[in-house]
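Examination of the molecular architecture
Listed here are the chains, written in short residue letters.
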Amino acid sequence: MYNLFKKSTVLALAIALGAGVMAGCGGEKKAEKPAADVKVEGKVAASGSTALLPLLKVGQEEFYKQHDKVTINLSGGGSFTGQKQVASGAVDIGNSDVALSDDLKDQGLVETKLVGIPFVFITNKDVTVDNLSAQQYVDILTGKITNWKEVGGADQKITLIHRAKSSGSRATIADVVLKGAQFTDNAVIQDSNGAVRSAIGTTPGAIGYVDAAYVDESVKALSYDGVKFSIDAVTGGKYPVYTFGRMFTKGEPKGAVKAFIDYVTSSAFQEANAEKQGFVPVTKMAK
């Protein structure tokens with residue numbers, strides 16, 4: 001009887017321990033569930049920077065492959081428009097090329113840096129000039145220089161085509177290039193990077209600026225102070241015309257909004273797509 005009781009006790013203890021181990025394993029497996037398998041549903045509305053749209057559209061398409069119950073609406077309108085719309089609650093994300101406006105700093109907006117955004121000066125392909133100094137850019141943008149012959153080019157009128165005052169791209173050029181000087185009013189204004197590129201490509205003697213993602217064969221890219229744009233030139237501190245792309249939310253992001261922001265700022269997405277789209281992965285930026 002004693003041996004039978006002992007065996008029964010040992011067997012019961014073994015079964016209890018086994019059940020505990022199995023339960024523990026089950027808990028660990030649940031905790032390690034991949035984020036991609038988590039069901040995310042809802043709608044995300046984002047507006048603002050047109051400079052960021054090429055990258056975010058790729059992010060939208062890739063995100064849908066993992067989360068088919070989410071709808072993401074992306075629109076432009078300019079960085080300051082995006083900031084104002086997210087502050088008012090009109091959209092979930094305000095995409096911006098510039099830091100938060102002073103008048104919105106008490107609105108509870110949270111910033112997430114997305115990428116480094118380099119800007120490139122472009123001209124119509126009939127322009128013979130390949131490089132301008134920092135001062136020559138200032139003189140053209142302020143209207144002091146109005147003919148290409150003044151900077152070594154042909155005797156041809158310079159037509160400045162750029163963005164409206166609500167644009168983060170314009171604010172970046174004003175800060176980095178003009179450094180306090182004022183843009184000339186004698187300019188053609190367009191509402192997006194794509195529209196600037198298109199207008200410059202079809203206007204003889206035209207010049208303007210777009211973020212690097214929009215440069216293509218329809219226009220000519222100029223060097224800045226003798227330095228041609230490249231990702232390495234930006235990260236190496238040789239090319240100074242850039243800013244950060246930012247995503248603002250009203251408070252900490254949650255749900256589908258958080259999932260999308262986490263996805264496009266992930267190292268995997270950035271390494272695969274940022275440079276390909278003309279941006280600098282935020283992890284490579286110096287500050």
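Residues numbered from 1 in each chain as written. Predicted model: local features only at pLDDT ≥ 70, side-chain atom pairs only at ≥ 80, totals over all residues. Heavy atoms only, no water.

1. Structural notes on unusual backbone geometry
This is how the line gets drawn: Every helix listed is a DSSP run of H or I at least four residues long, and every strand listed is a run of E at least two residues long, numbered separately from the N terminus. Residue exposure (1.4 Å probe, protein chains only): buried if accessible area is under 20% of the type maximum, exposed if over 50%, otherwise partly exposed.
In the Ramachandran plot, Lys179 falls in the positive-phi region, its phi being about 50° despite a non-glycine side chain. Note on placement: Lys179 falls in the loop between α5 (168–178) and β7 (188–190). On the basis of relative accessible area, Lys179 is assigned to the exposed category, the value being 64%. For Asp225, which is not glycine, the phi torsion reads 55° and is therefore positive. Mapping Asp225 onto the fold places it in the loop between β10 (223–224) and α7 (231–235).

2. Section: the side chain of His162
Here is the rule: We define a polar contact as two N or O atoms separated by no more than 3.5 Å, with the added condition that, inside protein, one atom must be a possible hydrogen donor and the other a possible acceptor, whereas residues neighbouring each other in sequence contribute only through side-chain atom pairs. Pairs of residues are marked as contacts when any of their non-hydrogen atoms sit within 4.5 Å.
With respect to the helices and strands, His162 occurs in strand β6 (residues 159–163). A polar contact of 2.7 Å, which involves the side chain of His162, links it to the side chain of Tyr209. When near neighbours in sequence (up to four residues on either side) are disregarded, His162 contacts Arg170, Phe183, Ala187, Val188, Ile189, Gln190, Val196 and Tyr209.

3. Brief notes about the side chain of Thr172
Relative to the helices and strands, Thr172 is located in helix α5. When near neighbours in sequence (up to four residues on either side) are disregarded, Thr172 contacts Asp97, Val98, Phe119, Val177, Tyr242 and Thr243.

4. Looking at the packing of aromatic side chains
For any pair of aromatic rings, the description consists of the separation of the ring centres together with the inter-plane angle of the planes. This is how it is decided: Classification of ring pairs uses Phe, Tyr and Trp, with its six-membered ring standing for Trp, and accepts pairs whose centres are within 6.5 Å; under 30 degrees between planes counts as stacked, over 60 as edge-to-face, and the remaining range as tilted. Two conditions define a charge located above a ring, namely a distance within 6 Å from the ring centre to NZ of Lys or CZ of Arg, and an angle within 35 degrees of the ring normal.
Enumeration according to the criterion identifies ten aromatic pairs in this entry. Ring centres of Phe63 and Tyr263 lie 5.8 Å apart, and the angle between their planes is 65°; this geometry places the pair in the edge-to-face category. Placement of Phe63 in helix α2 (residues 53–66) and of Tyr263 in helix α8 (residues 255–264) is noted, with a sequence separation of 200 residues between them. When its relative accessible area of 17% is taken as the criterion, Tyr263 is described as buried. Through successive ring pairs, a cluster of aromatic residues spans Phe121, Tyr137, Phe183, Tyr209, Tyr224, Phe229 and Tyr239. We note Lys113 situated over the ring of Phe244; from NZ or CZ to the ring centre the distance is 5.3 Å.

5. Some points on helix α3 (residues 79–88)
Inclusion rule: The directions from the helix axis to the C-beta atoms are what the arc is built from.
Regarding α3, the residues found buried are Ser79, Gly82, Gln83, Val86 and Ala87. Seen along its axis, α3 keeps its buried residues to an arc of 130°; they face one direction. Summarising the geometry of α3, the exposed residues directed more than 90 degrees from the buried face are Lys84 and Ser88. Packed against the buried residues of α3 are β1 (42–48), β3 (93–96), β4 (109–123), α5 and β11 (242–250). Where α3 terminates, the next one or two residues include Gly89, which has phi positive at roughly 90°.

6. Here's the deal with the pairing of strand β8 (residues 206–211)
Moving residue by residue along a regular strand, the side chains alternate between the two faces of the sheet. In plain terms, the rule: Strand pairing is assigned whenever DSSP detects at least two bridges linking the two strands.
For β8, a buried count of six out of six residues is recorded, marking the element as mostly surrounded by other parts of the structure. The alternating pattern of β8 places Ala206, Gly208 and Val210 on one face and Ile207, Tyr209 and Asp211 on the opposite face, and all of these are buried. As paired strands, β4 and β8 are joined by five bridges and run antiparallel to one another. The residue of β8 that forms the bridge with Phe119 is Asp211. Examined bridge by bridge, β6 and β8 share two bridges and lie parallel to one another. In the sheet register, Leu160 faces β8, and the bridge partner there is Ile207.

7. A short note on the nonpolar core
Definition in use: Throughout this description, the term nonpolar core refers to a set of buried Ala, Val, Leu, Ile, Met, Phe, Trp, Tyr and Cys residues connected via side-chain atoms within 4.5 Å.
Ranked by size, the top nonpolar core spans 70 residues in total, and within it Leu132, Trp148, Ile173, Val177 and Ile207 carry the most contacts. Discounting chain neighbours no more than four positions away, the residues touching Leu132 are Tyr137, Ile140, Trp148, Val151, Ile207, Leu222, Ser223, Tyr224 and Asp225. In terms of nonpolar packing, the next biggest core, distinct from the first, is built from seven residues, Val86, Val91, Leu104 and Phe248 among them.

8. Notes on the pairing of β6
To be explicit about the condition: Call a crossover right-handed when, viewed with both strands pointing away from you, the route from the first strand across the helix to the second goes clockwise.
Of all five residues in β6, five are buried, a share of seventy percent or more. Bridge analysis of β6 against β7 gives three bridges, and the strand direction is parallel. From the neighbouring strand, Arg163 faces β7, where its bridge partner is Gln190. Handedness of the crossover is the feature at issue here: the chain leaves β6, passes through α5, returns alongside β7, and the resulting connection is right-handed.

9. Points about the environment of Gly94
Mapping Gly94 onto the fold places it in strand β3. For the pair Gly94 and Gly82, spaced twelve residues apart in sequence, the C-alpha separation works out to 4.2 Å.

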